[in-house]
Amino acid sequence: MSIDSRKVVVVGCGFVGSSSAFALMQSKLFSEMVLIDADHDRAEGEAMDISHGMAFASPMKIYAGTYDDITDAAVIVITAGANQKPDETRLDLIRKNSAIMKSIIGEIKKRPFEGILLIVSNPVDILTYIALKESGYPANRVIGSGTVLDTGRFRYELGEHLGVDSRSIHAFIIGEHGDSELAAWSEARVGGMPINDFCELRGHYDHEASMEKIFNSVKNSAYEIIARKHATYYGIAMAVCRICAAIVRNEQSILPVSSLMTGEYGLENVVLSIPAVVDENGIETVVPIELNEKELSELQQSATVLKKVIAEFYPD
Ligand SMILES: NC(=O)c1ccc[n+]([C@@H]2O[C@H](COP(=O)([O-])OP(=O)(O)OC[C@H]3O[C@@H](n4cnc5c(N)ncnc54)[C@H](O)[C@@H]3O)[C@@H](O)[C@H]2O)c1
């Protein structure tokens with residue numbers, strides 16, 4: 001079965017899945033979108049509602065389907081599973097969502113699917129590792145949305161602080177998509193300029209305090225949003241669209257998706273986010289940006305946190 005680069009599947013049609021489907025419809029990247037949910041009525045309702053926007057976007061086929069519809073898809077986006085409740089960490093979700101992920105991968109594996117798996121459900125790094133192990137697919141085809149959202153939040157906050165278009169900022173949040181993530185400050189650039197130099201150009205000199213404030217705001221965004229509206233979904237929907245564009249348009253974009261580490265920074269057998277070139281084959285290559293000593297040690301600590309959880313599922 002050949003891959004249809006204009007076809008996407010979204011598994012899980014809750015807040016995140018339906019928002020992603022809505023953003024994907026508007027993106028015009030695809031001409032066919034299949035929605036799958038354990039609650040088929042929900043998938044049907046979302047397909048109907050999103051289809052009614054089509055007259056204002058561009059024609060495509062959107063329908064509630066089954067796993068028999070996945071075989072020729074270019075990308076399967078998995079957003080199924082419970083979301084964080086107030087005060088719950090992403091890692092707390094593991095027990096509920098690992099079983100859901102295993103059952104979904106079991107269904108996918110029964111079919112000859114050759115496209116890319118994009119995992120979004122949390123804890124995304126652990127679930128991407130589980131998807132990789134359970135599917136047996138090569139590592140380039142199993143990607144987590146990782147810190148693409150956190151990096152978007154980071155660029156937004158920096159843009160506000162510096163009075164500059166966030167798209168002119170090259171700066172990454174890396175590591176776990178969660179509490180142990182870190183900002184790769186030493187490699188951050190604004191319009192090609194080292195970030196501290198740009199800050200001074202804008203009259204900001206208290207680097208340490210600003211860095212701490214901005215990073216904490218990024219790291220705690222999800223908790224702050226969940227405390228107010230019980231879920232986060234628009235930002236991640238845009239991140240899903242961005243990753244899908246890099247894949248199906250074969251863009252070779254550099255995005256901090258989560259992927260299997262194979263020796264980078266001395267890390268192995270763990271999935272976390274480091275910038276990577278993303279193209280039609282998924283991960284083309286990981287880009288091990290230079291980190292200072294403190295950042296390297298924080299990244300290794302983040303990997304240790306994730307490995308501890310992975311060891312509960314795969315003891316050896
Ligand atoms: N990676 C990120 O940056 C990011 C951002 C926000 C949310 N999330 C995660 O996305 C996930 C979904 O969040 P949400 O707010 O949409 O939750 P939600 O409860 O609104 O939706 C979950 C959906 O999954 C469906 N589902 C459950 N089991 C299923 C199965 N076996 N097969 C198919 N569908 C199934 C449910 O019926 C429901 O419609 C959560 O794990 C959340 O933490 C990730």
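Cut-offs used in this document
Residues numbered from 1 in each chain as written. Predicted model: local features only at pLDDT ≥ 70, side-chain atom pairs only at ≥ 80, totals over all residues. Near = placed C-beta within 6 Å. Helix = DSSP H or I, 4+ residues; strand = E, 2+ residues; numbered from the N terminus. Nonpolar A, V, L, I, M, F, W, Y, C, P; charged D, E, K, R; others polar. Domains from an automatic or database assignment. Core = buried A, V, L, I, M, F, W, Y, C linked by C-beta atoms within 7 Å. Buried ≥ 20, exposed ≤ 12 C-beta atoms within 10 Å, placed from the backbone. Contact = placed C-beta atoms within 7 Å. Pairing = 2+ DSSP bridges. Axes fitted to C-alpha atoms, helices over the stretch in contact; angles between N-to-C directions. UniProt positions renumbered as here; feature names shortened; annotations may be inferred.

Explain the site of the ligand to me, please; I cannot follow it from the model alone.
Residues in contact with the ligand amount to 34 residues; listed here are only the nearest, Gly 14, Phe 15, Val 16, Ala 80 and Asn 122. Contributing elements (two or more residues each) for the shell around the ligand: α1 (15-27) and α3 (94-109). Looking at which element gives the most residues to the shell around the ligand, the answer is α3, with four residues. For the shell around the ligand, the residue count by class is 17 nonpolar, 14 polar and three charged. Viewed by domain, the shell around the ligand spans two of them, domain 1 (4-144) and domain 2 (148-313), each represented by three or more residues.

Whenever I open this one, the nonpolar core confuses me. Can you help?
Within soluble globular proteins, side chains that are nonpolar generally end up buried alongside one another. Val 8, Val 75, Ile 76, Leu 118 and Ile 243 are the most contacted members of the largest nonpolar core, which has 92 residues in total. Per element, the largest residue contribution to this core is nine residues, and it comes from helix α9 (residues 234-248). Inspection of this core shows a minimum of three residues originating in each of domain 1 (4-144) and domain 2 (148-313). Those residues in contact with Ile 243, other than ones at most four positions away along the chain, are Leu 118, Ser 145, Val 148, Leu 255, Val 257 and Val 278.

Help me out: how do you make sense of the pairing of strand β2 (residues 32-36) in this one?
Regular strands place side chains that alternate from one sheet face to the opposite one. Most of β2 sits inside the fold, with four of its five residues counted as buried. Sheet analysis places strand β1 (residues 4-11) next to β2, joined by five bridges and oriented parallel. From the neighbouring strand, Val 11 faces β2, where its bridge partner is Ile 36. Across four bridges, β2 lies against strand β3 (residues 61-64) in parallel orientation.

Before we go on, may I ask you to explain unusual backbone geometry in this structure?
Peptide bonds are trans in most cases, and residues, glycine excluded, mostly fall at negative phi. Note the cis peptide between Asn 122 and Pro 123, where omega equals 0°. Looking at the element boundaries, Pro 123 is found in the loop between β5 (116-119) and α4 (124-135). The phi dihedral of Lys 28 is positive, around 60°, even though this residue is not glycine. Secondary-structure assignment places Lys 28 in the loop between α1 and β2. Positive phi, close to 55°, is recorded for Gln 252, a residue that is not glycine.

When you look at the sheet that holds strand β10 (residues 189-190) in this model, what are you seeing that I'm missing?
Note on sheets: strands pair through backbone hydrogen bonds, and any given pair is parallel or antiparallel. Taken together, the three strands give an open sheet; going across it, the order is β7-β10-β11, and neighbouring strands pair in antiparallel fashion. With one partner strand each, in any of the chains shown, β7 (169-170) and β11 (193-194) form the two edges of the open sheet. By the bridge criterion, two bridges tie β10 to β11 in an arrangement that is antiparallel. For Arg 189, the partnering residue across the bridge sits in β11 and is Pro 194.

Please explain the domain arrangement of the protein as it appears in this structure.
Interfaces are often described in size by the accessible area the parts lose on coming together. Domain assignment breaks the protein into domain 1 (4-144) and domain 2 (148-313). Between the C-alpha centres of domain 1 and domain 2 there is a distance of 22 Å. Contacts between the two partners involve 38 residues from domain 1 and, on the opposite side, 33 residues from domain 2. Those elements giving two or more residues to the side of domain 1 that touches domain 2 turn out to be β1, α1, β4 (73-78), α3, β5, α4 and β6 (142-144). Among the elements that line the side of domain 1 that touches domain 2, the one with the most residues is α1, at eight residues. Of the residues assigned to the side of domain 1 that touches domain 2, the class counts are 24 nonpolar, eleven polar and three charged.

Would you mind going over the environment of Asn 196 with me for this structure?
Residue placement: Asn 196 occurs in helix α6 (residues 195-201). Spatially, the C-alpha atom of Asn 196 lies 6.9 Å from that of His 207, the residues being eleven residues apart in sequence.

Is there a simple way to think about the sheet that holds strand β15 (residues 276-279) in this case?
Strand order in the open sheet formed by three strands is β12-β15-β16, and the pairing between neighbours is antiparallel. Unpaired on one side and paired on the other, β12 (253-255) and β16 (282-286) mark the two borders of the sheet. Ignoring strand direction, the axes of neighbouring strands in this sheet form an average angle of 40°. Relative to β16, β15 runs antiparallel, the two being bridged by four bridges. Bridged to Val 278 within β16 is Ile 283.

Help me understand the UniProt feature "active site" (unreviewed entry) in the protein in this model?
Per the UniProt record, "active site" (unreviewed entry) is annotated on His 177. Mapped onto the elements of the fold, His 177 is located in the loop between β8 (173-174) and β9 (182-183). A residue is classified by how many C-beta atoms lie within 10 Å of it, and His 177, with 32 of them, is buried. With residues up to four places along the chain from it excluded, the contact list for His 177 reads Arg 90, Val 124, Asp 125, Gly 146, Thr 147, Asp 150, Ser 258 and Ser 273.

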